[in-house]
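Take a look at the letters that make up each chain.
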Amino acid sequence: MWQGWINLILGLWLAISGFVPSLQTSWNMIIVGILVAIFGFMVSKKWQATVNGVLGIWVFISGLIKSLITPTNFIIVGLVILILSLMLVFGKKEAEETKTE
């Protein structure tokens, strides 16, 4: 599930951006939001990926609304995306555990 790995990196980037004032721009949120939404909704059978997709939409919208471009938004949403991506990547693979005969 390579999409989970990409969202993991994007979540880490977003969280780090919350600590670097020069990275706290609307373009950063818009681009990361679009990418997280796309890769989140590509893995539609896992709830963690769907939540990442919704968070990607939130990050995108936050980039469009000036008052939502805050370090707290970067850090909290970035960490949630990071944790959900870790759960997605290192979680049990249901398809491999289920044996079809």
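Residues numbered from 1 in each chain as written. Predicted model: local features only at pLDDT ≥ 70, side-chain atom pairs only at ≥ 80, totals over all residues. Heavy atoms only, no water.

### Quick look at the overall build of the chain
Check the secondary structure of the chain and you find five helices and zero strands. Across the chain, helices and strands are ordered from the amino to the carboxyl terminus as α-α-α-α-α. On the principal axes, the C-alpha backbone points of the chain span a range of 55 × 20 × 15 Å. When the 101 residues of the chain are sorted by exposure, 44% land in the buried category. Put simply, 71% of the contacts in the chain that link residues at least 6 apart link residues at least 24 apart. Here the chain carries 6 positive and 4 negative side-chain charges, and the mean point of each set is 11 Å from the other. (Helix = DSSP H or I, 4+ residues; strand = E, 2+ residues; numbered from the N terminus. Buried < 20%, exposed > 50% of the residue type's maximum accessible area, 1.4 Å probe, protein only. Contact = heavy atoms within 4.5 Å. Lys, Arg positive; Asp, Glu negative; His and termini not counted. Charge placed at Lys NZ, Arg CZ, Asp CG, Glu CD.)

### Considerations on the packing of helix H3 (residues 47-64) against helix H4 (residues 71-90)
With their axes 9 Å apart at the nearest point, H3 and H4 run at an angle of 160° to one another. With respect to each other, H3 and H4 are oriented roughly antiparallel. Considering the relative orientation of H3 and H4, their crossing is left-handed. Two secondary-structure elements touch here, H3 through Trp47, Gln48, Ala49, Val51, Asn52, Leu55, Trp58, Val59 and Ser62 and H4 through Asn73, Val77, Val80, Ile81, Leu84, Ser85, Met87 and Leu88. (Axes fitted to C-alpha atoms, helices over the stretch in contact; angles between N-to-C directions. Parallel < 35°, antiparallel > 145°, perpendicular 65-115°, else oblique. Left-handed = near helix turned anticlockwise from the far one by under 90°.)

### Some remarks on helix H2 (residues 26-42)
Structural remark: α-helix, 3.6 residues per turn; residues separated by three or four positions point the same way. In a regular helix each residue adds 1.5 Å, so 17 residues correspond to 24 Å; H2 covers 24 Å between its end C-alpha atoms and thus fits that length. Ser26, Asn28, Met29, Ile30, Val32, Gly33, Val36, Ala37, Phe39 and Gly40 are the residues of H2 that are buried. Where H2 is buried, its residues touch helix H1 (2-17), H3 and H4. (Expected span 1.5 Å × (residues − 1).)

### Concerning the packing of H1 against H2
It is at 9 Å that the axes of H1 and H2 come closest, and there the two elements cross at 155°. What the angle tells us is that H1 and H2 run roughly antiparallel. Handedness of the H1/H2 crossing: left-handed. Packed against H1, whose contacting residues are Trp2, Gln3, Ile6, Asn7, Leu10, Trp13, Leu14 and Ser17, the element H2 presents Asn28, Val32, Leu35, Val36, Phe39, Gly40 and Met42 at the interface. Grouping the amino acids of the contact of H1 with H2 by side-chain chemistry returns ten nonpolar, five polar and no charged. (Nonpolar A, V, L, I, M, F, W, Y, C, P; charged D, E, K, R; others polar.)

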